[in-house]
Amino acid sequence: MRLLICLLVLISTSLYGQTSKTYTLRTIAFYNVENLFDTENDSLTFDDDRTPEGSYHWTQERYLQKIDHISKVLSKIGEDTSKTSPDVIGLCEVENRKVVEDLIIHPNLRDKDYGIVHFDSPDARGIDVALLFKKSSYLPTSFKSHRLLLFDDLGERVYTRDQLVVGGLMDDEDFYFVVNHWPSRRGGAAKSNPKRVRAALLNKRIIDSIQNLNWKAKIICMGDLNDDPRDDSLKSILKTKGKTKQLDSLSLFNPMEQLYKKGIGSLAYRDKWNLFDQFFMTSNVVNDEKETLSYWKAGIFSPSFIRTTEGKYKGYPLRTYAGGSYTAGYSDHFPAYLFLVKEVE
């Protein structure tokens, strides 16, 4: 039966002689916003390049244009289906709370009434993760920033992003969101792989601890994982499954795996597409009956206005900088999204 997806609209219609079902819809999104820095020099981090005097000549004009661009993208994710912006949004590569505040007060988002959960991470460049939530859709009741401890070959601390955990109520159900930005592939994928394995292990401990406290809680992890859905961190450590029929009560479902098999990516490098921007979730989010908020489908948001339109990188994400030159774009990643639906009686 074809699904009729309505946003808080309680209407039943007839399709092909059968009564269709009516659903409430929630949209969850994640976006790596590519170095959303303000223009001020923070003496405690390596943000000097992202200042007016720095190598990127990061001026107030460019900053405001970036805020305009990112807020526009956020306002459009899932809009064709939901007719509004996402209910919950995970962000990475934001410098501080101020830039997130500037996003949600921009005219593109101001009337959506978003709240913010953000903590400063110890990342050397000063970039953090954050969570936005519509106050009408989600009520946070707990939040914590979990530190990822990494060390180099000499035993020196490697400072990276924390993993943000937010618990709360969505449509009277316990939902937890974990926002990630795992260590990059700098130095090569194989050499840097142990760092992402450590990040996956931390994610697993977080999930286990939540479930020990509340086995009914629904948990959705999201982020730029700097790994693809079939890499060790996901398949060997978190043991994610790409098909719902493979799930049991202890499984984690990764809807991005099937997208990756179809060649869909969220960023491109040297003519190769990667799907680093992902969601994975506890199996109780997947429920064919849709009697509670349940996974419906996931995708990558890549409309033409955030794509490069010509040249060697045609079709790639339209970046803010390319090759050190200002291109006035959006981000080097496309956002990811998923829909949750619940049948309305």
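This is a predicted model, so every value here is computed, not measured.

Analysis parameters
Residues numbered from 1 in each chain as written. Predicted model: local features only at pLDDT ≥ 70, side-chain atom pairs only at ≥ 80, totals over all residues. Heavy atoms only, no water. Salt bridge = Lys/Arg side-chain N within 4 Å of Asp/Glu carboxyl O. Helix = DSSP H or I, 4+ residues; strand = E, 2+ residues; numbered from the N terminus. Buried < 20%, exposed > 50% of the residue type's maximum accessible area, 1.4 Å probe, protein only. Lys, Arg positive; Asp, Glu negative; His and termini not counted. Contact = heavy atoms within 4.5 Å. 1 Å grid on protein atoms, 1.4 Å probe; cavity = no way out; pocket = protein on both sides within 12 Å on 5 of 7 lines; lining within 4 Å. Points joined across faces, edges and corners; volume = space filled by probe spheres on them. Core = buried A, V, L, I, M, F, W, Y, C linked by side-chain atoms within 4.5 Å. Patch = residues over 30% accessible without salt bridge, like charges linked within 9 Å, V, L, I, M, F, W, Y side chains within 5 Å. Areas by Shrake-Rupley, 256 points an atom, 1.4 Å probe, with all protein chains shown as cover. Charge placed at Lys NZ, Arg CZ, Asp CG, Glu CD. Phe/Tyr/Trp six-rings, centres within 6.5 Å; stacked < 30°, edge-to-face > 60°. Pairing = 2+ DSSP bridges. Expected span 1.5 Å × (residues − 1). Nonpolar A, V, L, I, M, F, W, Y, C, P; charged D, E, K, R; others polar.

### Quick look at the pattern of salt bridges
- What the rule picks out here adds up to 18 salt bridges.
- Close ionic contact of Arg161 with Asp123 constitutes a salt bridge, the shortest N to O distance being 3.0 Å. One end of the pair, Arg161, is in the loop between strand 10 (157–158) and strand 11 (163–170); the other, Asp123, is in the loop between strand 6 (114–118) and strand 7 (128–134), with 38 residues separating them in the sequence.
- Exposure remark for Arg161: the relative accessible area of 9% places this residue in the buried category.
- Judged by relative accessible area, which is 6%, Asp123 ranks as buried.
- A single salt-bridge network, built from bridges that share partners, covers Arg185, Arg196, Asp227 and Asp231.

### Brief notes about the side chain of Asp128
- Within the secondary structure, Asp128 sits in strand 7.
- Lacking a salt bridge, the buried Asp128 has Arg161 as its closest oppositely charged neighbour, with an N-O distance of 8.1 Å.
- When neighbours within four sequence positions are excluded, Asp128 is seen to be in contact with Leu91, Cys92, Glu93, Val94, Glu95, Asn96, His118, Phe119, Asp120 and Ser121.

### Some points on empty space enclosed by the protein
- With the rule as written, the count across this model stands at one cavity of 30 Å³ or more.
- Taken as a whole, the largest cavity holds about 30 Å³ of empty space.
- Every residue lining the largest cavity is listed: His118, Phe119, Ser121, Val129, Ser145, Asp162 and Leu164.

### Quick look at the nonpolar core
- Counting 68 residues, the largest nonpolar core has Leu74, Leu91 and Phe177 as its most contacted members.
- Ranked by the residues each element gives to this core, the list is headed by strand 4 (residues 22–36), at eight residues.
- Beyond its immediate chain neighbours, meaning those up to four positions away, Phe177 contacts Ile28, Val88, Leu131, Tyr138, Leu164, Val165, Val166, Met170, Ile220 and Met222.
- Grouped together as the second largest cluster of nonpolar side chains are 22 residues, Ala199, Leu202, Ile210 and Cys221 included.

### What about a positive patch on the surface?
- On the surface, a cluster of positive charge is contributed by Arg125, Arg186, Lys191 and Lys195.
- If you trace the backbone, Arg125 turns up in the loop between strand 6 and strand 7.

### What to know about unusual backbone geometry
- A positive phi angle is found at Asn35, which is not glycine, with a value near 55°.
- Examined against the element boundaries, Asn35 turns out to sit in strand 4.
- Here Asn35 falls in the buried class, since its relative accessible area comes to 9%.
- Located in the positive-phi region is Ala328, a residue other than glycine, with phi close to 60°.
- Position of Ala328 relative to the elements: it lies in the loop between strand 21 (325–326) and strand 22 (336–343).

### Description of the packing of aromatic side chains
- Applying the stated criterion across every chain, the model contains 14 aromatic pairs.
- Seen in terms of ring centroids, Trp273 and Tyr316 are 5.7 Å apart; in terms of plane orientation they differ by 70°. Their pairing is edge-to-face. Separated by 43 residues along the polypeptide, Trp273 in strand 17 (residues 272–274) and Tyr316 in the loop between strand 19 (294–300) and strand 20 (321–322) bring together distant segments of the chain.
- Judged by relative accessible area, which is 29%, Trp273 ranks as partly exposed.
- Measuring from ring centre to ring centre gives 5.6 Å for Phe305 and Tyr330, while their planes differ by 70°; the resulting arrangement is edge-to-face. Taken together, the positions of Phe305 in the loop between strand 19 and strand 20 and Tyr330 in the loop between strand 21 and strand 22 put the pair 25 residues apart, joining distant regions of the chain.
- Since its relative accessible area comes to 7%, Tyr330 is described here as buried.

### Remarks on the sheet that holds strand 11
- On the basis of which strands lie adjacent, the open sheet formed by seven strands has the order 8-11-12-13-18-15-14 and mixed pairing. The outermost strands of the open sheet, each flanked by one partner alone, are strand 8 (138–146) and strand 14 (240–241).

### So, helix 1 (residues 60–76)
- For helix 1, spanning 17 residues, the distance from its first C-alpha to its last is 25 Å, which sits close to the expected 24 Å at 1.5 Å a residue.
- Turning to helix 1, its buried residues number three or more, namely Tyr63, Lys66, Ile67, His69, Ile70, Ser71, Val73, Leu74 and Ser75.
- The elements touched by buried residues of helix 1 are strand 4, helix 2 (79–82), strand 5 (88–94), helix 3 (97–104) and strand 7.
- A positive phi of about 75° marks Gly78, the residue just after helix 1.

### Brief notes about the layout of surface pockets
- Space inside the largest pocket adds up to approximately 1800 Å³.
- Counting only elements with at least two residues in the lining of the largest pocket, the list comes to strand 4, helix 4 (189–213), strand 16 (267–269), strand 17 and strand 20.
- When its residues are assigned to classes, the lining of the largest pocket shows 19 nonpolar, 13 polar and 18 charged.
- Lining of the second largest pocket is provided by Lys204, Ile207, Asp208, Gln211, Ile237, Leu238, Lys239, Ser249, Leu250, Ser251, Leu252 and Thr282.
- The dominant element in the lining of the second largest pocket, judged by the number of residues it contributes, is helix 4, at four residues.
- Looking at the lining of the second largest pocket residue by residue, the class counts come to five nonpolar, four polar and three charged.

The values reported here are purely geometric and, on their own, carry no functional implication.
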